[in-house]
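If you want the building blocks of each chain, they are given just below.
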Amino acid sequence: SRAPWACSQRRHSRACQHACQSSYVSPRAHTMQRAFSARPFRASRAAVEELRALQPLWNSLYDRVGRDHRFLRHALAESARHCEWEARQLAVHAHVHERASEKPQLLLPNSVYLPAEGGSWVHTVGNVQAGEPYQLQLVHSLQSEEHAEVCGGPLDAVCDAISTAARLVHPRRPTVAVLSKPAHKLALRTRADVRGVGAKLQRDHGVAEVLYVSMADLAAARVDAAGELRLGGTSLSLIYSRFDFSHPSGAFHEEVGGGGGGGGEAWGEWPAVEAIERSRAVMSSPLGCRLAHRRLVLHALRRPGGLEAFLERDEAARLRAVLPEQWHLGETRELEEASALLDAEPDGYVAKNMLRPRTGSNATQDRHATGGGIVAGGDALRALLADEVRRRWYVVYRRVRPATHEARVHTHTGETLDLVGPAVGVSEAATFGVFLSESGGGAVLRNETAGVGARTRTADPQHLFAAELGYGALSCVQAAG
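Please read these numbers as outputs of a predicted model, since none were measured by experiment.

## Some thoughts on helix α15 (residues 378-386)
Move 1: Within α15 the residues assigned to the buried category are Gly 378, Leu 381, Leu 384 and Leu 385. Buried positions in α15, seen along its axis, are confined to an arc of 130 degrees and lie on one side of it. Facing away from the buried side of α15 by more than 90 degrees, the exposed set consists of Asp 379 and Ala 386.
Move 2: Looking at the buried side of α15, the elements it contacts are α14 (332-344), β15 (349-353), β16 (375-376) and β17 (394-398).

## Some words on the pattern of salt bridges
Move 1: The final tally for this structure, using the stated rule, is 27 salt bridges.
Move 2: For Arg 382, the salt bridge goes to Asp 379, with nearest N and O atoms at 2.9 Å. Remark: Asp 379 and Arg 382 occur in helix α15; sequence separation between them is 3 residues, near one turn of the helix.
Move 3: The shortest N-O distance in the salt bridge between Glu 428 and Arg 457 comes to 3.2 Å. Separated by 29 residues along the polypeptide, Glu 428 in strand β20 (residues 425-437) and Arg 457 in strand β21 (residues 444-458) bring together distant segments of the chain.
Move 4: By relative accessible area, which is 8% here, Glu 428 ends up buried.
Move 5: Connected via shared salt-bridge partners are Arg 303, Glu 331, Arg 333, Glu 334 and Glu 337.

## A short note on the state of the cysteines
Move 1: For the structure shown, the criterion picks out 0 disulfides.
Move 2: Free cysteine: Cys 476, not disulfide-bonded; nearest cysteine sulfur from Cys 151 at 8.3 Å.
Move 3: Taking the relative accessible area as the measure of exposure, Cys 476 reaches 0% and is therefore buried.

## What to know about the sheet that holds strand β7 (residues 175-179)
Move 1: Across the sheet, 4 strands lie side by side as β8-β7-β12-β13; this open sheet has parallel pairing. The sheet terminates laterally at β8 (209-213) and β13 (282-283), the two strands that pair on one side only.

## Notes on the packing of helix α2 (residues 45-66) against helix α13 (residues 313-320)
Move 1: One can describe the packing of α2 onto α13 by two numbers: an axis separation of 10 Å at closest approach and a directional angle of 115 degrees. Handedness of the α2/α13 crossing: left-handed. Contacts between α2 and α13 involve Glu 50, Ala 53, Leu 54, Leu 57, Trp 58 and Leu 61 from the former and Glu 315, Arg 318 and Leu 319 from the latter.
Move 2: Considered class by class, the residues forming the contact of α2 with α13 number 6 nonpolar, no polar and 3 charged.

## Regarding the pairing of β20
Move 1: Most of β20 is tucked away: 13 of the 13 residues are buried.
Move 2: Burial along β20 is two-sided: Gly 425, Ser 427, Ala 429, Thr 431, Gly 433, Phe 435 and Ser 437 and Val 426, Glu 428, Ala 430, Phe 432, Val 434 and Leu 436, pointing in opposite directions, are all buried.
Move 3: Note that strand β4 (residues 105-107) and β20 share 3 bridges and pair antiparallel. From the neighbouring strand, Gln 105 faces β20, where its bridge partner is Ser 437.
Move 4: Sheet topology note: the strand β5 (residues 110-115)/β20 ladder contains 4 bridges and is antiparallel. Across the sheet, Asn 110 pairs through a bridge with Phe 432, a residue of β20.

## Observations concerning the nonpolar core
Move 1: Counting residues in each nonpolar core, the largest one holds 89 residues, and the members touching the most others are Trp 58, Leu 61, Val 65, Leu 179, Leu 218 and Leu 301.
Move 2: Broken down by element, this core gets its largest block of residues, 9 residues, from α2.
Move 3: Leaving out residues up to four positions away in the same chain, Val 65 has contacts with Phe 71, Leu 72, Ala 292, Val 297, Leu 301 and Phe 310.

About the criteria used
Residues numbered from 1 in each chain as written. Predicted model: local features only at pLDDT ≥ 70, side-chain atom pairs only at ≥ 80, totals over all residues. Heavy atoms only, no water. Buried < 20%, exposed > 50% of the residue type's maximum accessible area, 1.4 Å probe, protein only. Helix = DSSP H or I, 4+ residues; strand = E, 2+ residues; numbered from the N terminus. Arc of directions from axis to C-beta. Contact = heavy atoms within 4.5 Å. Salt bridge = Lys/Arg side-chain N within 4 Å of Asp/Glu carboxyl O. Disulfide = S-S within 2.5 Å. Pairing = 2+ DSSP bridges. Axes fitted to C-alpha atoms, helices over the stretch in contact; angles between N-to-C directions. Left-handed = near helix turned anticlockwise from the far one by under 90°. Nonpolar A, V, L, I, M, F, W, Y, C, P; charged D, E, K, R; others polar. Core = buried A, V, L, I, M, F, W, Y, C linked by side-chain atoms within 4.5 Å.

Spelled out as structure tokens, the structure:
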């Protein structure tokens, strides 16, 4: 049951009924299928410009690291020794990474930052996919009408990059396959978003055909003698991936039938993954890019000389300035350091699963069921450090004390949640990137920040609104002052 004060903060909103009235997902339906903020998240203009300026550096970093098999093999060696899934990823990358130099490369990453007390910003996560560009555009349409200086999202730039990359493969009749979970496993918000992107590709960017496929569908695709990726009678130009290729669980495991368990049907994805990488078709998040986003890879890059191996010294310094301190519990020295730090300040740290397992299929698509939740609090962290098996999967980070603010959030059911008092809100800002090259290591056609967005949630992860909002209500960013 809800506390009395909580009930007073929850009301039905007529203002958002137009964005929440339909559960039917039409490619042309301008419907909002997730929680969003009534007002844009305010950040200083200087901060927004600095975060925007960092995104092309992240784009370049992911491109270069993703094509460097030796570095990836070194960074992921520990996890590959203990987990067959990790070893399989590296083995497939070894087979296909040189193919990147022979076809266009398209990356659509985004970088998430948390504003800390005192005005600094901390990079909390890098994501392979470009968020929810269609849904964010709907929020921008509302917020930009009511507020000034609202930053745009990535939808136009993402669709333009996708269509351009597809034409590099098939200039006359580009065909894009939008890859996601099967419809029955896909959250309604994601269904609406991928259909919105697909409709825009056809309507505004001249893409001849857009297919909506799952990995089960792509299992039937074949690479012909000319390198074409053919699905039935159709040659695919580009796969726009909205599928989570992450580790299938939050623990090391072996292949089913190979002495262990876990992973289930995910093991059957590998032939299709390898076929896509070997073909002429462009993948919006190729395997190398996905590996470059791994927490253990970023941990290796943060070490002295890591970033500098791929970026100019001043560029590396700018990324180091936003990266949090971190300790991998699978390494003896760092485990000892983290233990001493936790003894001195039990609530000053959090731990995240370095495998970053796949998102769930629930409404908020969180990672709790797969073991991807954040471990926080002295008791929980001490239990983690005492578990000799489980701790190997985790990286400890210094806890960010976020700047809080009041907010009003509309849910997809038409209710309003006021984030005030015990439910006070906190927002993360995200920059969205576009990187397109003629080939891996070839001429760079685009390397830019495609847009900016935000997510707002309760500062207290245990608050009753937290589960409803999941990763947060979608919002735009207002560059003020």
